[in-house]
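# Structure at a glance
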Amino acid sequence: MQDIVIKTDKLTKKFGDFIATNQISMEVYKGEIFGFLGANGAGKTTAMKMLCGLSIPSSGSATVAGFDVYTQREAIKKSIGYMSQKFSLYEDLTVIENIEFFGGIYGLNRKALKEKSAKLIEQLGLQPEAAKLVGALPLGWKQKLAFSVAILHEPKIVFLDEPTGGVDPVTRRQFWDLIYDAADRGITVFVTTHYMDEAEYCNRISMMVDGFIKALDSPANLKKQFNVPSMDEVFFELARGAQRKAD
Amino acid sequence: MMDVQVRGLRKTYGKPPVTAVDTISFDVKKGELFGLIGPDGAGKTSIFRMLTTLLLPDGGTASVNGFDIVKDYKFIRERVGYMPGKFSLYQDLTVEENLHFFATLFNTTVEENYALVKDIYIQIEPFKKRRAGNLSGGMKQKLALCCALIHRPLVLFLDEPTTGVDTVSRKEFWEMLKRLKEQGITILVSTPYMDEATLCERIALLQEGKILSIDTPANIIRSYPDQLFAIKSDQMSWLLKELRNNPEVKTCNSFGEYHHISFKEIAADTESALINYLKKAGHSNLELFKTAPTIEDCFINLMN
């Protein structure tokens, strides 16, 4: 039996009459790379916010890293890492300042911070850039650094919201090397992406349409189920009937 | 006739100067659907902003529809449509008001050019009384395209129209572009999605302000230097590491379900030797077959 790190049961979020996330139920395992896909407006962001302890559900239940999404949201925040393409690091702080700032927020003490940031900078080969502003780094490096910072405190789960948007194809692959390494170390990776080749790199995929989880399985099984050769076509089959086209 | 001519165009920002566009040259033919393909920071937006006369170059020259981008900027502004990457319509005007506003700016009316935008506009017409700021992402994109077209431009610039848009909406958007092209409009479109490159007639692959290659997608794919193979096993992450350390393997990159590899030399037994080696190493369900490169393979090859 695999360790379950995220479990939701009929998790629902309503905004007035609008049901953004509609009774989603799933289990995500330790060390798994879980692809969280869906059309624009399908309810992915709302679901992620609930799982990160940033939004209280309207009904249903869920635990993240063993903590309840209604009552233990602060404990959840300490057990997870988060990174998105839109917000990752402070551009006007240096590399080392960013590492120390985020490490501090995630609760690392001074001694641990010092050791971990030195090690991280060495691993990423960023020694010459350590004192430079993050804004001066190429986008690819920023994204790799942001990911490393998000898992600096060895969280149980890291949430990645479109981490590779706009990144060049070589860096995109290097980024996935980091994801694999993290998963091999037992960190669960919960990731959204618009690149369908990246969907193939996930152990399992869930596909949201109009607030519901319409499919959940391994990429190979999903392709078999829909009898199509690529994830792109699985996505197309599922999402083309979508009624909602919000962001 | 060339609708866009770019010669040695250059743009730098800041002090010390960072080069965003590094002395590039290309032509776009009248009525062509031309793609600038490259990641963030490749210089796509700077090129578009110079060609639409919103930014002055630091070197080189360019013309649009025969007019110089510096001297004749007023003529160019009448003749081009520009849809920026960032949503730039008036958020507190309604859908309808935005469209009328942009028509009026260009001394025309919505009625006069309605035929051109009709296909797209009818999709957002049910929401014509809604403020633009309250539209969904997909609808904003369609309204922005209508506003960029309503004065019947000769050349249309679309800066990353499909970024952050799901694959269903992306397919729809490219269908719209094809229909616009049939109306004779020259279209320059930029995208970070390599798979969209094949939807253009000609493309420029851009990286860090430089053009890596410029040709039809088919020719770029044809000029890939090596025979490419697709390979998979039950252990893809491990397989990747194994192949990277294999002395016979020249390149190895993950491509969705398969890894793409090329060999330093291909002999009669190259394929079977690799399969046997990997089997011995413990891989199961191995597949290896020849495959055609994609634009993304070409881009990676050109970057290295």
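Residues numbered from 1 in each chain as written. Chains lettered and ligands numbered in written order. Predicted model: local features only at pLDDT ≥ 70, side-chain atom pairs only at ≥ 80, totals over all residues. Heavy atoms only, no water.

## Remarks on the sheet that holds strand β4 (residues 59–64) of chain B
Strand order in the open sheet formed by four strands is β2-β1-β4-β5 (chain B), and the pairing between neighbours is antiparallel. Edge positions in the sheet fall to β2 (18–29) and β5 (67–68) of chain B, since each of these pairs with one other strand and no more. (Pairing = 2+ DSSP bridges. Helix = DSSP H or I, 4+ residues; strand = E, 2+ residues; numbered from the N terminus.)

## Notes on the layout of surface pockets
Considering only enclosed or pocket space, the second largest pocket measures out at about 860 Å³ in volume. For the second largest pocket, the lining is made up of 34 residues, of which M196, D197 and D232 of chain A together with D195 and T294 of chain B are closest to its centre. Those elements giving two or more residues to the lining of the second largest pocket turn out to be α7 (196–199) and α9 (231–239) of chain A together with α6 (167–182), β13 (258–263), β14 (287–291) and α10 (295–303) of chain B. At six residues, the largest contribution of residues to the lining of the second largest pocket is made by α6 of chain B. A per-class count over the lining of the second largest pocket returns 14 nonpolar, eight polar and 12 charged. (1 Å grid on protein atoms, 1.4 Å probe; cavity = no way out; pocket = protein on both sides within 12 Å on 5 of 7 lines; lining within 4 Å. Points joined across faces, edges and corners; volume = space filled by probe spheres on them. Nonpolar A, V, L, I, M, F, W, Y, C, P; charged D, E, K, R; others polar.)

## Some remarks on empty space enclosed by the protein
A full pass over the atoms with the stated rule returns three cavities of 30 Å³ or more. In this structure, the largest cavity encloses a volume near 50 Å³. Lining the largest cavity, in full, are V167, D168, P169, R172 and Y195 of chain A together with G38, P39, P192, M194 and E296 of chain B. Among the residues forming the lining of the largest cavity, the class breakdown is six nonpolar, one polar and three charged.

## Quick notes on the interface of chain A and chain B
Chain A puts 34 residues into the contact, and the matching count from chain B is 32 residues. Where chain A abuts chain B, roughly 2,500 Å² becomes buried across the two surfaces, and 53% of that area is made up of carbon and sulfur atoms. A salt bridge links E257 of chain B to K223 of chain A, with the nearest nitrogen and oxygen atoms 2.9 Å apart. Across the chain A-chain B interface, the total number found is nine residue pairs in polar contact (both at pLDDT 80 or more). Those elements giving two or more residues to the side of chain A that touches chain B turn out to be α6 (169–184), α7 and α9 of chain A. Top element by residues in the side of chain A that touches chain B is α6 of chain A. It accounts for eight residues. Classifying every residue of the side of chain A that touches chain B by side-chain character gives 14 nonpolar, six polar and 14 charged. (Contact = heavy atoms within 4.5 Å. Buried area = accessible area lost by both parts, 1.4 Å probe. Salt bridge = Lys/Arg side-chain N within 4 Å of Asp/Glu carboxyl O. Polar contact = N/O pair within 3.5 Å; in protein donor to acceptor, adjacent residues only side chain to side chain.)

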